[in-house]
Each structure stands twice: as structure tokens, then as C-alpha cells.
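Coordinates in review
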Amino acid sequence: MTDPSKLRDIVIVGGGAGGLELATRLGDTLGRRGRARVTLIERARTHLWKPLLHEFAAGSMDLDHHALPYLAQARWHHFRFQRGSMDGLDRLRRRVLVAPTADEEGRELIPRREIPYDTLVMAVGSHTNDFGTPGAREHAISLDMPEQAERFHKRLINACIRANSQRGPLRPEQLKVAIIGAGATGVELAAELHKTTRELVAYGLDKINPEKDVRLTLIEAAPRILPAVPKRLSEAAEELLRGLNVRVLTAERVTEMTAAGVVTASGKKIPAELTVWAAGIKAPDFLKSLAGLETSRLNQLMVRETLETTRDPDIFAIGDCASCPWPGHDRSVPPTAQAAHQQASHLARMLPRRLAGRPLKPWRYRDFGSLVSLGEYSTVGNLMGILFGGSFFVEGLFARLMYVSLYRMHLYALHGPAKVVFDTLARLITRRTEPRVKLH
């Protein structure tokens, strides 16, 4: 039996898609066989796949049905879970510094502590970048965490109930929603809100006319929506949104936000009771001064093609918090879910080699294209390198099935095939006995 004192410590900070997949795979291989001690550090109690947050915000999915407790996953897959937020790093002593954790009433739950490592993997993700826009933090909601999605959904429900019960006419901003940023999150949220607001009104809110009273505005600073994807996909998505009566404003930069709406650089004043900021991302601020590690202007840790940080070969970074070179391109690998998944899979193969003293192989990003879901209305995308070796446009049912399969692939990486099959069947059954939109 392996002496625990001689085990190598692999510590992963961040339990998002990439971090949790990596902890699960390393736990199943190294942890289960006693070859290493795998530890995951994460401030939240439960894991949710971030690309679904817009559906939780709109109410078309229930947070509680998709939350995965980290403690349970750690027990099932032979790694340790440490709840807390990293706030420092001692590279000389190889210690991760973790801030105290408080309970819901503000009392200290877990004291400050240090967690030793031999290999450290940073997977802390990113959050929305409001670029210092006046009023953004006070009046806009970002969709970086489940708590924010839940907050937006409750405000949406309350806004509809308030409007339905008041005696006077609606104020100009009432039941108006402005979404700043027309990337995948903004576009998908607009489509989901169009559907769920109409379903919500159907549950007895008979004084609200969804076609007349509920207005959605999508605002993008770039010349077109979905600026990071091929133009044809962008045009198809915009045509679908306009068909849903979503107001689409492009080449409009937001300069100020108030409680009553949004102001753009061109002077437009867009009334809005609810505002979502979905434009731009950056890595957490604490990374830019983390023990002398090299970072980009977006606070991302600079890494080599092996995913090692440029100034410390014992520290790796994956996902949105990593700026990874992309050979043949003039920019780094884009911060997408598929990149985080590929990086986690790569490190799951490379870290056992590292423990054995074998050299690491470089990671190569494979771009499989983009898929954008407009809820039940349609899904559009372009797939690359599949079947024909090039890029081709997909739309409708086939694209929707491909989009849904992305989440199933994530679940497969966490649970294996049997649980995914039974879980999918169970949700198909319960979906028929529950409201189509979350009402609380």
C-alpha cells in the first residue's frame, strides 16, 4: 500500500467545466490507484455548466435539477474537495492560500488555510467585463454565477406580477429588457426570454399583452451580432431574432446605465426595467498580481503549448483564465467550452506522464465550429472538420441535437454513460408533469 506521506499532490483551483472534468478523470486514474492525491478547490457548493446559465435566468430550466454537489462527485471519483476561494499563492513553499469561508449568516465556516501542491492547475474561469461603464455594476446583472441567474429570474417574475397588478399604465421602462452584448450568451438569452415571458403570462397574467408590453432589445458594439462566428451564422441568427420581434442594435456602444435604461455613444436612450450585461470577459483580478506569474491584459495566465505557465513549470492553467498560443493564428485560443474540455482531456493524459518523469506533449486546439441555440425556435451553427474536412452550415433539428449533445458530453465526462442515459430518461418524464417555465 502506498505511503500517504509520499503521495504527490495535484491541486486544481476552480470547479467549472474544465476543472471538474480534470479532477474527475485524475481521481479515477491517479487518486483511485493511490498514485497521487487530487484536490479540487472551489468556492461554491455545487457545479452547474456555465453555458446553461441563460436558460436558468429565463426560467426554462430549474437550477436545482441540474446542480451537482462537489462533495458527492469527490466521493464517487476519489478526489478531495476543499470549499473556499483562492486569494494568494506561495510559489517558494508551494502552497495555495485559501480565504476563510463564511456561512449564509456571515459567520466563519472554514478558517483561512494553506493547501500544499506539487502540481497546480488553475481553472478559475472568467467573468463579465463591464469595461468600467458608469452604472453597470449598480444596474445590470451579469450571468457569471448561478446566484446571478436566479436573481435575474426572480426580478423578471416580480416585474411581470407587479405590472399585472398595478392600476395605472405601464411606465416607459416597465417590462422592457436590454441585453448588452450579442455574443452567444446574449443571443441565446434573447430567444429564451421571448419564449418564457409568453409562457409566464399565460399562467393567469391576463392584463399583460406579451406582443405589445414585453420588449427585448439586444445591443452590440460590433458591426454585427455574434462577431466571433462566421458571418452567415450571424445573419441567420439575426434574421430569426428579428422574426421574434427582438430589437437588434449593432455598432452601438453603451456609455451609461441608469435604473430606467441604457444610453449609447450615439445618443440613443433605451428604456429598460431589467438589464443584462453579457459583453466581454476577463479573468479574475487576483491573477494579475499572483506571485509574479505572467498575465495578459485580460488577467489571463500566459501558458506555453504544454499548458504550463510561462514562469513556473509546476503551475498549469486551462479554460478561460489561460491565454494559450494558437499556432498559425494571430491570437490566442478562444475562451470556449470546447477549448476547456480539450485542455482538461489533454492534462488528464499528460499529468500521469509528468509524475512518471516523462516529457509533456504540446496541446493542439481543434476548432469544431460554433452552435447557437435560439431555444425552441431554431439552432444555427457551423461545424468544422467533421465528415467533409471543411466548414459547413447547419440549422434546425440537426443543429439542435448537436447543441444538446454538448451538455450530454460534459455529463458523460463527469458520470459515464449509464448515469447520463438514465438521467436523460428521468428528465424527459418529469418534464411532462411540470410547468414549462419556472414560476418561483
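Whatever comes next refers back to the structure up there.
Residues numbered from 1 in each chain as written. Predicted model: local features only at pLDDT ≥ 70, side-chain atom pairs only at ≥ 80, totals over all residues. Heavy atoms only, no water.

What follows concerns the sheet that holds strand E13 (residues 141–142). What the five strands build is an open sheet, ordered E13-E20-E14-E15-E16; its pairing is parallel. In this open sheet, the two edge strands, each paired with only one partner strand, are E13 and strand E16 (247–249). Summarising the sheet, strand E14 (residues 176–180) and strand E20 (residues 274–277) pair through four bridges and their orientation is parallel. Within E20, the position partnered with Val177 by the bridge is Leu274. (Pairing = 2+ DSSP bridges. Helix = DSSP H or I, 4+ residues; strand = E, 2+ residues; numbered from the N terminus.)

The residue Ile179 is located in strand E14 in this model. Given the relative accessible area of 0%, Ile179 is considered buried. Note: C-alpha distance between Ile179 and Ala278 (99 residues apart in sequence) is 6.9 Å. (Buried < 20%, exposed > 50% of the residue type's maximum accessible area, 1.4 Å probe, protein only.)

Considering the arrangement of structural elements, one finds Gln300 in the loop between strand E21 (281–282) and strand E22 (301–302). Once residues within four sequence positions are removed from consideration, Gln300 is found in contact with Ala283, Glu294, Thr295, Asp320, Cys321, Ala322 and Ser323. (Contact = heavy atoms within 4.5 Å.)

Another point: the sheet that holds strand E17 (residues 254–258). Read from one edge of the open sheet, three strands run E17-E18-E19, paired in antiparallel fashion. Unpaired on one side and paired on the other, E17 and strand E19 (269–271) mark the two borders of the sheet. Adjacent strand axes in the sheet meet at a mean angle of 20° when their direction is disregarded. Here four bridges tie E17 to strand E18 (residues 261–264), and the two strands are oriented antiparallel to one another. By the bridge assignment, Glu256 is partnered in E18 with Val263. (Axes fitted to C-alpha atoms, helices over the stretch in contact; angles between N-to-C directions.)

Moving on: a positive patch on the surface. Taken together, Arg25, Arg349, Arg358 and Lys361 make up a surface patch of like positive charges. With respect to the helices, strands and loops of the structure, Arg25 is situated in helix H1 (residues 17–31). (Patch = residues over 30% accessible without salt bridge, like charges linked within 9 Å, V, L, I, M, F, W, Y side chains within 5 Å. Areas by Shrake-Rupley, 256 points an atom, 1.4 Å probe, with all protein chains shown as cover. Salt bridge = Lys/Arg side-chain N within 4 Å of Asp/Glu carboxyl O. Lys, Arg positive; Asp, Glu negative; His and termini not counted. Charge placed at Lys NZ, Arg CZ, Asp CG, Glu CD.)

Inspection of every chain in the model, using the stated rule, returns 23 salt bridges. Arg242 is the salt-bridge partner of Glu238, the closest N and O atoms lying 2.6 Å from each other. On the criterion of helical spacing, the pair formed by Glu238 and Arg242 is a turn pair, its members being four residues apart in helix H9 (residues 231–243). Taking the relative accessible area as the measure of exposure, Arg242 reaches 44% and is therefore partly exposed. Two residues, Lys282 and Asp285, come together in a salt bridge whose shortest N-O distance is 3.5 Å.

In total, this model carries three aromatic pairs according to the counting rule given. With a centroid separation of 5.2 Å and 20° between ring planes, the pair formed by Tyr70 and Phe81 is classed as stacked. With a gap of 11 residues between them, Tyr70 in helix H4 (residues 70–76) and Phe81 in strand E5 (residues 80–83) connect regions that are remote in the sequence. With respect to burial, Tyr70 and Phe81 carry one shared label: buried. Ring geometry for Trp326 versus Tyr365: centroids 5.2 Å apart, planes at 75°, classification edge-to-face. Here Tyr365 lies in the loop between helix H10 (337–355) and strand E26 (369–374) and Trp326 lies in the loop between strand E25 (322–323) and H10, a separation of 39 residues in the sequence. You can call Trp326 buried: its relative accessible area is 11%. (Phe/Tyr/Trp six-rings, centres within 6.5 Å; stacked < 30°, edge-to-face > 60°.)

Bringing the packing of H1 against H10 into the picture now. Where H1 meets H10, the closest approach of the two axes is 9 Å, and the angle between their N-to-C directions is 35°. Crossing angle aside, the handedness with which H1 passes H10 is right-handed. Of the residues in H10, those in contact with Gly18, Glu21, Leu22, Arg25, Leu26 and Leu30 of H1 are Ala340, His341, Ala344, Ser345, Leu347, Ala348, Leu351, Pro352 and Leu355. By residue class, the composition of the contact of H1 with H10 is 10 nonpolar, three polar and two charged. (Left-handed = near helix turned anticlockwise from the far one by under 90°. Nonpolar A, V, L, I, M, F, W, Y, C, P; charged D, E, K, R; others polar.)

With that out of the way, let us pick up the environment of Leu347. Residue placement: Leu347 occurs in helix H10. Judged by relative accessible area, which is 0%, Leu347 ranks as buried. Considering only alpha carbons, one finds Leu347 and Thr306, 41 residues apart in sequence, at a separation of 8.8 Å. Filtering out sequence-adjacent residues up to four positions away, Leu347 remains in contact with Leu22, Leu26, Val121, Thr306, Leu307, Phe316, Ile318 and Pro352.

Turning next to unusual backbone geometry. Of note in the backbone geometry, Phe131 takes a positive phi value of approximately 55° without being a glycine. Position of Phe131 among the secondary structure elements: in the loop between strand E12 (127–128) and helix H5 (136–139). Positive phi, close to 50°, is recorded for Ala291, a residue that is not glycine. The exposure class of Ala291 is partly exposed, given its relative accessible area of 28%.

What follows deals with the side chain of Glu42. The residue Glu42 is located in strand E2 (residues 36–42) in this model. The side chain of Glu42 is buried and forms no salt bridge, while Arg43, the nearest opposite charge, is found at 4.8 Å. In this view, Glu42 contacts Gly14, Gly15, Tyr70, Phe81, Gln82, Arg83 and Gly84; residues no more than four positions away in its chain are not counted.

On any regular strand, side chains alternate: one points to one face of the sheet, the next to the other face. With burial as the criterion, only one face of E5 is covered, namely that bearing Phe81 and Arg83; the residues Arg80 and Gln82 on the opposite face remain uncovered. Relative to E5, E2 runs parallel, the two sharing four bridges. Across the sheet, residue Glu42 finds its bridge partner in E5, namely Arg83.

Time to look at the packing of helix H6 (residues 146–165) against helix H7 (residues 184–201). One way to put it is that H6 packs onto H7 with a least axis distance of 11 Å and a crossing angle of 45°. By the angle class used here, H6 and H7 are oblique. When the axes of H6 and H7 are compared, the crossing they make is right-handed. Of H7, the residues touching H6 (which contributes Phe152, Leu156, Ile157 and Cys160) are Leu193, Thr197 and Leu200. Of the residues that constitute the contact of H6 with H7, the class distribution is six nonpolar, one polar and no charged. (Parallel < 35°, antiparallel > 145°, perpendicular 65-115°, else oblique.)

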